[in-house]
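Per-entry structural report
What follows is each chain in one-letter form.
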Amino acid sequence: MSRTWCLLGAMGFILAVTGRVPMSELSGPQNKAMSLTTENFYETYRPRNHFIVTSVLGATQEDLDGGIYVQLHLKQKQSNCRRRDSLRKECKPLRNGAEFSCFSCFWFKNNSDKASSKFIRCAQNSEQIGQWEEECNDLRNKGIQLPDMYRLNARSRRPVTEEEMELKAQ
């Protein structure tokens, strides 16, 4: 446990100093989140050219009881290659190409690559990042499940008692 906190502290220090996260240091869920974010970008904007992720400005991951929460902020830039030619090694970001800032957050159920909840937004200007962060915080808070005795009974809108939980279990 303390090793994890040391690692998180070091990651926070790296983020505070450089403002960027090396893509080689992203975890499995963070890589999955980046993949889902770029897929969503292509589905939403349908660009002709391939876009290259040029930097990860922020990447967080929290392992919680309800699953894994991942939040990403990345920049991607238009390349000199068409989308269908994106695997060529000659693909490089265009100096004056379009640049998008993407902000996303995901809930992954434990041991699953499928996101149970997600929020993804990309824009050429990053003025809305503050609003997007708030929406991700809302998604994070909704994903954290309260202990059973604090869940609301859907009909009466009151906390479920331990006796009621035992009856449901039988």
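Structure first, text after, so check above.
The present account deals with the structure reproduced in this document. Bear in mind that the values here come from a model prediction, so they are computed numbers and not experimental data. (Residues numbered from 1 in each chain as written. Predicted model: local features only at pLDDT ≥ 70, side-chain atom pairs only at ≥ 80, totals over all residues. Heavy atoms only, no water.)

Moving on to unusual backbone geometry. The backbone of Arg-46 shows a phi angle near 45°, a positive value even though the residue is not glycine. Structurally, the position occupied by Arg-46 is in the loop between helix 2 (28-45) and strand 1 (49-64). (Helix = DSSP H or I, 4+ residues; strand = E, 2+ residues; numbered from the N terminus.)

We now examine the state of the cysteines. In this structure the tally under the stated criterion is 3 disulfides. Across a sulfur-sulfur distance of 2.1 Å, Cys-102 and Cys-122 are joined as a disulfide pair. Looking down the S-S bond of the Cys-102 and Cys-122 bridge, the torsion is 115°, so its handedness is right-handed. Taken together, the residues Cys-102 in strand 3 (residues 99-108) and Cys-122 in strand 4 (residues 115-123) connect sequence positions 20 residues apart. Comparing Cys-102 with Cys-122, the two get one shared label, buried. Each disulfide of the chain joins two cysteines, and with those cysteines numbered along the sequence the arrangement is 1-2, 3-5, 4-6. (Disulfide = S-S within 2.5 Å. Buried < 20%, exposed > 50% of the residue type's maximum accessible area, 1.4 Å probe, protein only.)

Okay, a negative patch on the surface next. Taken together, Glu-133, Glu-134, Glu-135 and Asp-138 make up a surface patch of like negative charges. Relative to the helices and strands, Asp-138 resides in helix 3 (residues 129-143). (Patch = residues over 30% accessible without salt bridge, like charges linked within 9 Å, V, L, I, M, F, W, Y side chains within 5 Å. Areas by Shrake-Rupley, 256 points an atom, 1.4 Å probe, with all protein chains shown as cover. Salt bridge = Lys/Arg side-chain N within 4 Å of Asp/Glu carboxyl O. Lys, Arg positive; Asp, Glu negative; His and termini not counted. Charge placed at Lys NZ, Arg CZ, Asp CG, Glu CD.)

As a further point, take the sheet that holds strand 3. Ordered in space as 1-2-3-4, the 4 strands form an open sheet in which the pairing is antiparallel. Edge positions in the sheet fall to strand 1 and strand 4, since each has one partner strand and no second. On average, each strand axis in the sheet is tilted by 15° relative to the strand beside it, whichever way the strands run. Of the strand pairs in this sheet, strand 3 and strand 4 are connected by 8 bridges, and their pairing is antiparallel. Within the sheet, the bridge partner assigned to Phe-103 lies in strand 4 and is Arg-121. Sitting on the sheet, helix 2 is in contact with strand 1, strand 2 (67-82), strand 3 and strand 4, with an inclination near 125° to strand 3. In the packing of helix 3 onto the sheet, contacts are made with strand 1, strand 2, strand 3 and strand 4, and the angle to strand 3 comes to roughly 10°. (Pairing = 2+ DSSP bridges. Axes fitted to C-alpha atoms, helices over the stretch in contact; angles between N-to-C directions. Contact = heavy atoms within 4.5 Å.)

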